[in-house]
Amino acid sequence: MTIKIAVAGSKGRMGQLIIEEVHRFEDLELVAGFDILGVGDPLGGGVIVSDASDLAEVLRRSGAQVLIDFTTPAATTENVRVAADLGVDLVVGTTGISEDLKKEMARDIDGRVAAVISPNFSVGVNLFWKLIEVAAKSLEGYDIEVIEAHHRNKMDAPSGTATEAVRVLAKATGRSEVVYGREGQGLRGDEIGVHAVRAGDIVGDHTVLFAGPGERLEIKHQAHSRQAFASGAVRAARWVASVPSGVYAMADVLGQK
Ligand SMILES: NC(=O)c1ccc[n+]([C@@H]2O[C@H](COP(=O)([O-])OP(=O)(O)OC[C@H]3O[C@@H](n4cnc5c(N)ncnc54)[C@H](O)[C@@H]3O)[C@@H](O)[C@H]2O)c1
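Now for a quick tour of the structure. This structure is a prediction, so every number in the text was calculated from the model and none was measured.

### Brief notes about the pairing of strand 10 (residues 192–198)
Phase 1: Note: strand 8 (residues 143–150) against strand 10, seven bridges, orientation parallel. Pairing of alanine 149 across the sheet is with valine 197, part of strand 10.
Phase 2: Sheet topology places strand 9 (residues 178–180) next to strand 10; three bridges connect them, and they run parallel. Bridge pairing in strand 10 places tyrosine 180 opposite valine 194.

### Focus on the sheet that holds strand 2 (residues 28–35)
Phase 1: Pairing in this open sheet of eight strands is mixed, and the strands run 3-4-2-1-5-6-7-13 from one edge to the other. Edge positions in the open sheet fall to strand 3 (42–44) and strand 13 (246–248), since each of these has one partner strand only. Across the sheet, the axes of successive neighbouring strands diverge by a mean angle of 25°, strand direction being ignored.
Phase 2: Bridging between strand 6 (residues 89–92) and strand 7 (residues 114–117) involves three bridges; their strand directions are parallel. Along strand 7, the bridge assignment pairs valine 91 with valine 116.

Rules behind the numbers
- For every chain, the first residue of the written sequence is number 1, and numbering continues from 1 onward in sequence order.
- With pLDDT at 70 or above as the cut-off, local features in this predicted model cover only qualifying residues; side-chain atom pairs require 80 or more to be listed or tallied, and sums for whole chains, interfaces and linings still use all residues.
- To get the side-chain values, all heavy atoms of the structure are used, and hydrogens and water are removed first.
- Strands are labelled as partners when DSSP assigns at least two bridges between them.
- Comment: elements are numbered from the N terminus, with helices defined as DSSP H or I runs of at least four residues and strands as E runs of at least two.
- Note on geometry: axes are lines fitted to C-alpha atoms, helical ones only across the stretch in contact, with angles between N-to-C directions running from 0 to 180 degrees.

Geometry only, nothing functional implied.
Structure below.
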């Protein structure tokens, strides 16, 4: 059976790749795309970019079953509400969403649709989160630094992937203090240090460095292209259409939980 897919942010870096990926599969059909830019532009298969303000009407008319959203925090919060009202399942990749807005989204989704929400849809990063958890539990007392690098157009810092890494590390070690960048005088404490590099066209690098007496261990993931995220998001879309309502992580899709 074909799954009908709609994409919000269809003119964006991720949206365009996701649409290419959807067109590659016979069991998926692109039925709508939304953006605030390029309205009316063709997206393939006879679908054109719809104005984001027509989301509810076009979702209803197109019979979309899953909305994949890679936009902005404000747009995503609104899109999730509209899709959940219409019973359309969700795949949400937007990062930089505040804790309050995440709670609001979870309330909108609750009991009505299934949603996979992840700050990173790559298979490698989902394993990276597991590996750093194991390392953090084993390397007791080691200093921990999270270093991420992204392209110059990224809006949020630190990345959603780094923020999730910090959450995993804090839970594994019981450390609650996080220091973002360092400047001036003062010794390091027991904190988790976080550093964000923004430069050129770096797709996404994440390193967690554990350093103790006489040694250090670095666990590093580098995305070579956005294809890793697009493939994961489309895999999540196929999966989310077949599960009961609720909020899921990419680890659920990958069977890592
Ligand atoms: N979860 C992941 O694996 C992953 C991977 C890469 C990027 N991201 C995140 O996805 C988001 C998008 O990244 P990008 O690099 O594609 O950005 P981008 O700026 O290239 O694309 C975002 C698109 O959303 C559109 N948009 C804005 N408001 C909209 C609305 N109300 N409705 C529909 N479209 C709207 C913009 O016009 C733009 O075309 C960012 O938050 C980024 O951090 C997540």
